[in-house]
Amino acid sequence: MTADCRPEARQRRALVIGAGGFIGHAMVKRLVDEGFWVRGVDRQHAAYESSHSNEFITADMRDPRIADRVLRFHGYEGCYYKEVPLHLTGVFDEVYQFA
């Protein structure tokens, strides 16, 4: 995760579930290259290279509480690890799942 996980005001947002795997990792890199702010999620970090995502969360999406929090976009006022009022959360422009 970068020190500042907030995207620019008009930057498109993407969520990649399975970002630690080979295909998910490649998708994260592509989205970042295309100018997206990307949140990557996986049960483990990629072993071969660090993630290019703006924010990487190591979590198990089978837990409904984790999934609910991961799916909410917190970028403008904070990131996943900070508490943000529900009215300030938003949605992602694109969501990809690689399992």
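Rules used in this analysis
- Residues numbered from 1 in each chain as written.
- Predicted model: local features only at pLDDT ≥ 70, side-chain atom pairs only at ≥ 80, totals over all residues.
- Heavy atoms only, no water.
- Helix = DSSP H or I, 4+ residues; strand = E, 2+ residues; numbered from the N terminus.
- Buried < 20%, exposed > 50% of the residue type's maximum accessible area, 1.4 Å probe, protein only.
- Contact = heavy atoms within 4.5 Å.
- Polar contact = N/O pair within 3.5 Å; in protein donor to acceptor, adjacent residues only side chain to side chain.
- Patch = residues over 30% accessible without salt bridge, like charges linked within 9 Å, V, L, I, M, F, W, Y side chains within 5 Å.
- Areas by Shrake-Rupley, 256 points an atom, 1.4 Å probe, with all protein chains shown as cover.
- Salt bridge = Lys/Arg side-chain N within 4 Å of Asp/Glu carboxyl O.
- Expected span 1.5 Å × (residues − 1).
- Core = buried A, V, L, I, M, F, W, Y, C linked by side-chain atoms within 4.5 Å.
- Pairing = 2+ DSSP bridges.
- Axes fitted to C-alpha atoms, helices over the stretch in contact; angles between N-to-C directions.

Colleague: Break down the environment of L71 for me, with residues and values.
Modeller: The topology assignment puts L71 in helix α2 (residues 64-71). By relative accessible area, which is 44% here, L71 ends up partly exposed. Linking L71 and V95, residues 24 residues apart in sequence, is a C-alpha distance of 9.0 Å.

Colleague: Go over the environment of H52, please, and point to the residues and values.
Modeller: Relative to the helices and strands, H52 is located in the loop between β2 (37-42) and β3 (55-58). For the pair H52 and A26, spaced 26 residues apart in sequence, the C-alpha to C-alpha distance is 9.2 Å. In this structure H52 touches H25, V28, K29 and V32, once residues within four positions along its chain are discounted. Side-chain polar atoms of H52 contact the side chain of E49, separated by 3.4 Å.

Colleague: So, a nonpolar patch on the surface: which residues are in play, and what are the values?
Modeller: The grouping of F22, I23 and Y48 at the surface amounts to a nonpolar patch, some 390 Å² of accessible area in total. Along the polypeptide, F22 turns up in helix α1 (residues 22-33). The class of F22 is exposed, set by a relative accessible area of 67%.

Colleague: Lay out α1 in plain terms, naming residues and giving numbers.
Modeller: The terminal C-alpha atoms of α1 lie 17 Å apart, and with 12 residues this matches the ideal 16 Å at 1.5 Å per residue to within 8%. Close packing links the buried residues of α1 with β1 (13-17), β2 and β4 (94-97). Where α1 terminates, the next one or two residues include G35, which has phi positive at roughly 100°.

Colleague: Before we move on, can you summarise the nonpolar core with the specific residues and values?
Modeller: In this structure, A14, V16, A19, M27, V28, L31, F36, V38 and F56 together form the largest nonpolar core, which totals nine residues. At the level of elements, β1 and α1 are the ones that each hand at least two residues to this core. With residues up to four places along the chain from it excluded, the contact list for L31 reads A14, V16, F36, V38, E94 and Y96. Membership of the second largest hydrophobic core comes to eight residues, among which are L15, I17, W37 and F92.

Colleague: Could you give an account of the pattern of salt bridges, with specific residues and numbers?
Modeller: Inspection of every chain in the model, using the stated rule, returns five salt bridges. Between E34 and R30 there is a salt bridge, and its shortest N-O distance comes to 2.9 Å. Between D63 and R65 there is a salt bridge, and its shortest N-O distance comes to 3.2 Å. What makes D63 partly exposed here is its relative accessible area of 24%. With relative accessibility at 66%, the residue R65 sits in the exposed group.

Colleague: Give me the lowdown on the sheet that holds β3, citing residues and values where you can.
Modeller: Strand-to-strand pairing in sheets goes through backbone hydrogen bonds, with the strands running parallel or antiparallel. Pairing in this open sheet of four strands is parallel, and the strands run β3-β2-β1-β4 from one edge to the other. Edge positions in the sheet fall to β3 and β4, since each of these pairs with one other strand and no more. Between one strand and the next, the sheet's axes are offset by a mean angle of 15°, whatever the strand orientation. Relative to β3, β2 runs parallel, the two being bridged by four bridges. Across the sheet, D42 pairs through a bridge with T58, a residue of β3. Packed on one face of the sheet, α2 meets β1, β2 and β3 and runs near 170° to β2.

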